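# Topology and contacts: notes
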Amino acid sequence: GMIMADSTFKVTIITPDGTVYENKDATMLVMDTRGGQMGIMANHVPLVAALQISALRVKHNSAKDDVIAVNGGFMEFNENAATVVADSAELPTTIDVARAEKAKERSEKWVEEAKQKHSKNELARAEVHLRRAINRLNVSQMR
């Protein structure tokens, strides 16, 4: 049947380097927040949520989902628009896979060294870098 216009909302993703995803129509936005996985649909109440390093999924009426690797940040929903502000965000086609692989290997070494040194702070930082690299690799497969 006919899809009502008000069953969609706009999604925009902004980073310090610029806008990665601009004013696209979506039927649902699925994301990993600090409080767990969350899905948002049109006409949701205003909301701000802190995001994890994860894959953000934008669902549409027809086309296949868009998947974006986001590096933390937050999502604000207001007046039927979702705005994601993240430290970085990449679509699968823009991810440099070779670079992400190298970053993963480097981070794995760094994790091991931090464990041997029993340095909690360094281990935490290394694990964030590792999570970011793994997230980019996962999303790069979703072209």
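Our structure is the block above this text.
Because the structure is predicted, anything quoted here is derived from the model rather than measured.

## So, the overall build of the protein
Assigned secondary structure in the protein consists of 2 helices and 10 strands. Its helices and strands in sequence order give the protein the pattern β-β-β-β-β-β-β-β-β-β-α-α, from N to C terminus. When the backbone C-alpha atoms are referred to their principal axes, the protein occupies close to 60 × 30 × 25 Å. The proportion of buried residues among the 143 residues of the protein is 35%. Within the protein, counting contacts between residues at least 6 apart in sequence, those at least 24 apart form 52% of the total. Where the 19 positive side-chain charges of the protein centre and where its 19 negative ones centre are 6 Å apart.

## What about the packing of helix α1 (residues 97–117) against helix α2 (residues 120–140)?
For any two helices packed against each other, one specifies the crossing angle of their axes together with the interaxial distance. The N-to-C vectors of α1 and α2 enclose an angle of 155°; their axes lie 8 Å apart at closest approach. When the axis of α1 is compared with that of α2, the two are roughly antiparallel. Like other packed secondary-structure pairs, α1 and α2 cross with a definite hand, here left-handed. Residues Val97, Ala100, Glu101, Ala103, Lys104, Ser107, Glu108, Trp110, Val111, Ala114, Lys115 and Lys117 of α1 form the contact with α2, whose participating residues are Glu122, Leu123, Arg125, Ala126, Glu127, His129, Leu130, Ala133, Ile134, Arg136, Leu137 and Ser140. For the contact of α1 with α2, the class distribution of residues is 12 nonpolar, 3 polar and 9 charged.

## Side note on the sheet that holds strand β1 (residues 9–15)
For sheets, the rule is that strands pair by backbone hydrogen bonds, running either parallel or antiparallel. Pairing within the open sheet is mixed, and its 5 strands lie in the order β2-β1-β9-β8-β5. Only two strands of the sheet have a single neighbouring strand rather than two, namely β2 (18–26) and β5 (47–50). If you compare each strand with its neighbour and ignore which way they point, the axes differ by 15° on average. Note that strand β8 (residues 74–78) and strand β9 (residues 81–85) share 5 bridges and pair antiparallel. Looking across to β9, one finds that Asn78 is bridged to Ala81.

## Side note on a nonpolar patch on the surface
On the surface, Ile14, Val48, Phe74 and Val85 cluster together to form a nonpolar patch covering roughly 300 Å² of accessible area. By the element assignment, Ile14 lies in strand β1.

What counts and how
- Residues numbered from 1 in each chain as written.
- Predicted model: local features only at pLDDT ≥ 70, side-chain atom pairs only at ≥ 80, totals over all residues.
- Heavy atoms only, no water.
- Helix = DSSP H or I, 4+ residues; strand = E, 2+ residues; numbered from the N terminus.
- Buried < 20%, exposed > 50% of the residue type's maximum accessible area, 1.4 Å probe, protein only.
- Contact = heavy atoms within 4.5 Å.
- Lys, Arg positive; Asp, Glu negative; His and termini not counted.
- Charge placed at Lys NZ, Arg CZ, Asp CG, Glu CD.
- Axes fitted to C-alpha atoms, helices over the stretch in contact; angles between N-to-C directions.
- Parallel < 35°, antiparallel > 145°, perpendicular 65-115°, else oblique.
- Left-handed = near helix turned anticlockwise from the far one by under 90°.
- Nonpolar A, V, L, I, M, F, W, Y, C, P; charged D, E, K, R; others polar.
- Pairing = 2+ DSSP bridges.
- Patch = residues over 30% accessible without salt bridge, like charges linked within 9 Å, V, L, I, M, F, W, Y side chains within 5 Å.
- Areas by Shrake-Rupley, 256 points an atom, 1.4 Å probe, with all protein chains shown as cover.
- Salt bridge = Lys/Arg side-chain N within 4 Å of Asp/Glu carboxyl O.

Functional significance is not addressed by these values, which are geometric in nature.
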